[in-house]
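# Architecture and fold: a report
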Amino acid sequence: MATRVLFVCLGNICRSPTAEAVFRGLRPDLPTDSAGTAGYHVGEPPYGPMQAAARKRGIKMDDLRARQFIARDFARFDLILAMDADNLRNIEALRPAGAATPVRLFTDFGSDAGAVPDPYYTRDFDGALDIIEAAAQGLAEALD
Ligand code: 4NP
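Let me sum up the structure you'll find in this document. Counting of residues starts from 1 at the beginning of each chain's written sequence and follows it residue by residue. Only residues with pLDDT of 70 or above have their local features reported here, since the model is predicted, and side-chain atom pairs are shown and tallied only from 80 upward, although totals for entire chains, interfaces and linings are computed over all residues. Hydrogens and waters are ignored; side-chain quantities use all the structure's heavy atoms.

Each helix corresponds to a stretch of at least 4 residues labelled H or I by DSSP, and each strand to a stretch of at least 2 residues labelled E; elements are numbered beginning at the N terminus. Summarising the element assignment, S111 is placed in the loop between β4 (103-105) and α5 (119-122). A polar atom in the side chain of S111 sits 3.0 Å from the backbone nitrogen of A113. Dropping the residues within four chain positions of it, S111 is found in contact with I131 and A134. Polar contacts, as used here, are pairs of N or O atoms within 3.5 Å; protein pairs need one atom able to donate a hydrogen and one able to accept it. Residues neighboring in sequence count only if both atoms are side-chain atoms. Only heavy atoms matter for contacts: two residues are in contact if any of them lie within 4.5 Å across the pair.

Below is the structure:
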């Protein structure tokens, strides 16, 4: 069965929607979504400067809207990918008893960066894109 993949960051307006958009371009056959561990930006499109940097690389994500990660996502997805270790901890804190869905660091799949640094704070949107593209390529090749 197709692996359903969920990308998770903090706000769901910079890193995880970008990861989703890059990955769906590589693996349009797999169901994908993204979410944030925080609810600050629920309903908003991806952050303008993030979209602009992505658009220069041919990545479109203006159709995406932010939502918050919820415990039920453990049942709705087969693989949950955290952009950094804080995200991973916050996701694991919501794991329902008995849920076996793996939660992994996105960068484990194809970058030695260890995390996707948050460009909302670093302002390095291109640096985040470089890491996201490398990890998405590795993930695309790793999944059946
Ligand atoms: P993201 O970046 O987690 O990559 O979407 C952030 C965007 C907004 C905020 C935090 C992180 N914020 O606190 O508003």
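In the region of the ligand, the neighbouring residues are C9, L10, G11, N12, I13, C14, R15, Y40, H41, D118, Y120 and Y121. The separation between an oxygen atom of the ligand and a polar main-chain atom of L10 is 2.9 Å. In the environment of the ligand, an oxygen atom lies 2.8 Å from a nitrogen or oxygen atom belonging to the backbone of G11. Throughout, the ten residues Ala, Val, Leu, Ile, Met, Phe, Trp, Tyr, Cys and Pro are labelled nonpolar, Asp, Glu, Lys and Arg are labelled charged, and all others, Gly among them, are labelled polar. For the shell around the ligand, a count of residues per class yields seven nonpolar, three polar and two charged. Each residue is tested against the molecule or strand, and it is near if at least one of its non-hydrogen atoms lies within 4 Å.

Before going further, it helps to spend a moment on the pattern of salt bridges. Salt bridges are defined by distance alone: a side-chain nitrogen of Lys or Arg within 4 Å of a carboxyl oxygen of Asp or Glu. Summed over all chains, the structure comprises 15 salt bridges. Between D33 and R67 there is a salt bridge, with its nearest N and O atoms 3.0 Å apart. Of this pair, D33 sits in strand β2 (residues 32-36) while R67 sits in the loop between α2 (48-55) and α3 (73-76); the two residues are 34 residues apart in sequence, bridging distant segments of the chain. For R76, the salt bridge goes to D73, with nearest N and O atoms at 3.1 Å. In this pair, R76 and D73 are both assigned in helix α3, three residues apart and thus about one turn of the helix distant.

The disulfide definition used here is simple: a pair of cysteine sulfur atoms within 2.5 Å. Under the criterion given, the structure shown has zero disulfides. As a non-bridged cysteine, C9 has C14 as the owner of its nearest cysteine sulfur, 7.1 Å distant.

In this sheet, β2 lies alongside strand β1 (residues 5-9) in parallel orientation, the contact comprising five bridges. Across the sheet, F7 pairs through a bridge with S34, a residue of β2. Handedness is read with the strands pointing away from the viewer; a crossover is right-handed when the path from the first strand over the helix to the second is clockwise. Where the polypeptide runs from β1 across helix α1 (residues 15-26) and back to β2, its parallel neighbour, the crossover connection is right-handed. Strands are labelled as partners when DSSP assigns at least two bridges between them.

Glancing now at the pairing of strand β3 (residues 79-82). Burial along β3 is two-sided: the face carrying L79 and L81 and the face carrying I80 and A82 are both buried. The sheet contact formed by β1 and β3 spans four bridges and is parallel. Bridge pairing in β3 places V5 opposite L79. Where β3 meets β4, three bridges bridge the pair, whose relative direction is parallel. Bridge pairing links A82 to L105 in β4. Regarding topology, helix α4 (residues 85-92) serves as the crossover connection from β3 to the parallel β4, and that connection is right-handed. Three labels apply to residues, based on accessible area from a 1.4 Å probe with only protein chains included: buried if under 20% of the type maximum, exposed if over 50%, partly exposed otherwise in between.

Moving on, we come to the packing of aromatic side chains. Here is the rule: rings of Phe, Tyr and Trp (six-membered ring for Trp) pair when centre to centre is within 6.5 Å. Planes less than 30 degrees apart are stacked, more than 60 are edge-to-face, and the remainder are tilted. Per the stated rule, a full pass over the model turns up six aromatic pairs. Counting every residue linked through ring pairs, the aromatic cluster contains Y47, Y120, Y121 and F125.

Ranked by internal contacts, the top residues of the largest apolar core, which has 33 residues, are F7, F23, L81, F106 and L139. Of all elements in the fold, only β1, α1, α2, β3 and α6 (125-142) reach the threshold of two or more residues within this core. Here the element with the most residues in this core is α6; it accounts for nine residues. Sequence-distant contacts of F106, that is, excluding residues within four places in its chain, are made with F7, A19, L81, A82, M83, V116, I132, A135, A136 and L139. The next biggest cluster of nonpolar side chains, apart from the first, holds ten residues, and it includes F69, F77, A82 and I91. Definition of nonpolar core: a set of buried residues of the types Ala, Val, Leu, Ile, Met, Phe, Trp, Tyr and Cys, connected through side-chain atoms within 4.5 Å.

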